Amino acid sequence: MRITGISTHVVGTPWRNLTYVQVHTDEGITGVGETRMLGHTDALLGYLREAEVNHVLGSDPFAVEDLVRRMKYGDYGRAGEIVMSGIAVVEMACWDIKGKALGVPVWQLLGGKVTDKVKAYANGWYTTERTPEAYHKAARTVMERGYRALKIDPFGTGHFELDHKETLYAVSLIEAVRDAIGPEAELMLEMHGRFSPATAVRLAHELAPFKPAWLEEPVPPENLKALEKVAAKVDMPVATGERIHDRIEFRELFESQAVDILQPDVGHIGGIWETRKLAATAETHYMLVAPHNVGGPVLTAASLQVGFTSPNFKILEHFNDFADAEIKKVVKGAPVVDPEDGCFHLSDAPGLGVELDVDAAAEFPQQQARFDLWAEGWEQRKPKGTK
């Protein structure tokens, strides 16, 4: 079997463009991959056009490791977010092809299942007025949908510092959310790399009474020494990793032991197998894995293949029940969260278990998607000029 070409389809919303890639073969089997770029969708499409000619055409889709290495190192320049994302979408599609050809789900090819279900946590649910009352109501809706966990960044446009007034307001939002979801649900606290170490530590202490499940990206991701400073002073698990795009770059996090939960994005770190390798290394350091997942149904399905096969997989992020939920219809067989237990359940469908509906995808043309975490009202995910 050989790859005969790739085709790309961008599904657009005002705040995120989802790039779907179909990999076609000479035996008529087509696989699909997906990623979500932040402001670089056209750059990704440009890279894929070049990579198709330089690396992908004529390749054996079963030889996933070889193809990934050629795409990563064959252009000599260091692979960053765009290249690693391009690798990821092609890699996912190759696993999908392999599973379909053999008649087995991808998780079976990764060593088999270690669990029948993966817990989900909701994100994108607080696209509402930024008040305790509105957040309480929205959080109740999440619980009513069957989720047992959710994540929130309550810090507005906070950057490095957060003054006393804004701190009190952020605390009031978290207090309302915890009241809405009850004591047993998990509440993930997101900082989006906003703060200085001192501010992050202070805020963590202020919010500790509400029992956050983790403290995510408390400081910008470039300075791991700053992250170590925070980890040494807070009494809750620290999570990070969505903006690290190469498995090798996690080495310093392993050495420092400053992180408890790794959050690679399967769509940015080179795909399923690269993420599974990272999870195996994390297991030797007694760390958990909870992938970042702001993608649609294909990226969710790909992330779940890692989840079903990794003993140290904690939970998976999910936006698609709340933020532009209508995009779920672009994929047939989209993973769903079971309202009875708040989990994704194992699927025996071959490959990734999903199929891209190209006609449905065409109903959501690419947009000038904009997501600015420093802009007032960013949490509503409605950029200026949209309704």
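Residues numbered from 1 in each chain as written. Predicted model: local features only at pLDDT ≥ 70, side-chain atom pairs only at ≥ 80, totals over all residues. Heavy atoms only, no water.

K.L.:
Tell me about the overall build of the chain, and name the residues and values.
P.N.:
Looking only at helices and strands, the chain features 12 helices and 14 strands. Taken over the C-alpha trace, the chain has a radius of gyration of 20 Å; the compact-globule value for 387 residues is 21 Å, and the two agree within 12%. The dimensions of the chain, computed from C-alpha atoms along their principal axes, are 60 × 45 × 40 Å. By the burial criterion, 59% of the 387 residues in the chain qualify as buried. Taking the contacts inside the chain whose residues are at least 6 apart along the sequence as the reference set, 73% of them involve residues at least 24 apart. (Helix = DSSP H or I, 4+ residues; strand = E, 2+ residues; numbered from the N terminus. Rg over C-alpha atoms; globule rule 2.2 N^0.38 Å. Buried < 20%, exposed > 50% of the residue type's maximum accessible area, 1.4 Å probe, protein only. Contact = heavy atoms within 4.5 Å.)

K.L.:
I'd like a rundown of the UniProt feature "domain: Mandelate racemase/muconate lactonizing enzyme C-terminal" (unreviewed entry) in the chain, residues and numbers included.
P.N.:
The sites that UniProt annotates as "domain: Mandelate racemase/muconate lactonizing enzyme C-terminal" (unreviewed entry) are residues 132-237. Between the C-alpha atoms that bound residues 132-237 there is a distance of 25 Å. The span itself is 47% helix and 11% strand. (UniProt positions renumbered as here; feature names shortened; annotations may be inferred.)

K.L.:
Describe the packing of aromatic side chains, with residues and values.
P.N.:
Taken as a whole and judged by the stated rule, the model has 11 aromatic pairs. Both rings, one in Tyr147 and one in Phe322, keep their centres 5.5 Å apart while their planes meet at 55°; by these two values the pair is tilted. Placement of the pair is Tyr147 in the loop between helix 5 (132-144) and strand 5 (149-152) and Phe322 in the loop between strand 11 (316-318) and strand 12 (331-332), with a sequence separation of 175 residues. Accessibility expressed as a relative area gives 1% for Tyr147, which makes it buried. Centre to centre, the rings of Phe371 and Trp378 are 6.0 Å apart; their planes meet at 75°, and the pair counts as edge-to-face. (Phe/Tyr/Trp six-rings, centres within 6.5 Å; stacked < 30°, edge-to-face > 60°.)

K.L.:
Outline the pairing of strand 1 (residues 3-12), supporting the account with residue identities and numerical values.
P.N.:
Every other side chain in a regular strand lies on the same face of the sheet, so the side chains alternate between the two faces. Of all 10 residues in strand 1, seven are buried, a share of seventy percent or more. Summarising the sheet, strand 1 and strand 2 (residues 17-25) pair through nine bridges and their orientation is antiparallel. Each bridged residue has a counterpart across the sheet, and for Ser7 the counterpart in strand 2 is Gln22. Joining the antiparallel neighbours strand 1 and strand 2 is a turn of four residues. (Pairing = 2+ DSSP bridges.)

K.L.:
Kindly report on helix 7 (residues 197-207), identifying the contributing residues and their values.
P.N.:
Along helix 7, the residues that are buried comprise Pro197, Thr199, Ala200, Val201, Leu203, Ala204 and Leu207. On the buried face of helix 7, the contacting elements are helix 6 (164-181), strand 6 (186-190), strand 7 (214-216) and helix 8 (224-231).

K.L.:
Could you give an account of the sheet that holds strand 2, with specific residues and numbers?
P.N.:
The sheet built from three strands is open, its strands ordered 1-2-3 with antiparallel pairing. Unpaired on one side and paired on the other, strand 1 and strand 3 (30-37) mark the two borders of the sheet. Within this sheet the neighbouring strands show an average axis-to-axis angle of 20°, counted without direction. Running at roughly 105° to strand 3, helix 11 (residues 297-309) makes contact with strand 2 and strand 3 of the sheet. (Axes fitted to C-alpha atoms, helices over the stretch in contact; angles between N-to-C directions.)

K.L.:
Break down the nonpolar core for me, citing the residues and quoting the values.
P.N.:
Counting 117 residues, the largest nonpolar core has Trp125, Leu150 and Ile272 as its most contacted members. No other element matches helix 3 (residues 81-102), which puts 11 residues into this core. When sequence neighbours within four positions are dropped, the list of residues in contact with Ile272 reads Glu91, Met92, Trp95, Val106, Leu110, Val266, Ala302, Gln305, Val306 and Leu352. Listed in part, the nine residues of the second largest apolar core include Met188, Ala239, Ile261 and Ile315. (Core = buried A, V, L, I, M, F, W, Y, C linked by side-chain atoms within 4.5 Å.)

K.L.:
Please set out the pairing of strand 2 residue by residue, giving values where relevant.
P.N.:
Within strand 2, eight of the nine residues are buried, leaving the element largely enclosed by the surrounding structure. In this sheet, strand 3 lies alongside strand 2 in antiparallel orientation, the contact comprising eight bridges. Looking across to strand 3, one finds that Val21 is bridged to Gly33. Between strand 2 and strand 3, which pair antiparallel and follow one another directly, the connecting turn spans four residues, one of which, Gly28, has a positive phi of 85°.

K.L.:
Residues and numbers for the pattern of salt bridges, please.
P.N.:
Scanning the entire structure with this criterion turns up 24 salt bridges. A salt bridge links Asp341 to Lys117; the nearest nitrogen and oxygen atoms lie 3.7 Å apart. With Asp341 in the loop between strand 12 and strand 13 (343-345) and Lys117 in strand 4 (residues 117-122), this residue pair connects regions lying 224 residues apart in the sequence. Here Asp341 falls in the buried class, since its relative accessible area comes to 19%. Here Glu363 and Lys329 are joined by a salt bridge, their closest N and O atoms 3.0 Å apart. Here Glu363, found in the segment after helix 12 (358-361), pairs with Lys329, found in the loop between strand 11 and strand 12; they are 34 residues apart in sequence, far enough to count as distant. (Salt bridge = Lys/Arg side-chain N within 4 Å of Asp/Glu carboxyl O.)

K.L.:
Just give me the short version of the side chain of Asp153, but keep the residues and values in it.
P.N.:
Looking at the element boundaries, Asp153 is found in the loop between strand 5 and helix 6. Separated by 2.7 Å, the side chains of Asp153 and His192 make a polar contact. A polar contact of 2.9 Å, which involves the side chain of Asp153, links it to the side chain of Arg194. (Polar contact = N/O pair within 3.5 Å; in protein donor to acceptor, adjacent residues only side chain to side chain.)

K.L.:
So what's going on with the environment of Ala176? Which residues, and what values?
P.N.:
Here Ala176 lies in helix 6. Once the C-alpha coordinates of Ala176 and His136 are considered, the two residues, 40 residues apart in sequence, prove to be 5.2 Å apart. Aside from chain neighbours lying at most four places away, what touches Ala176 is Pro132 and His136.

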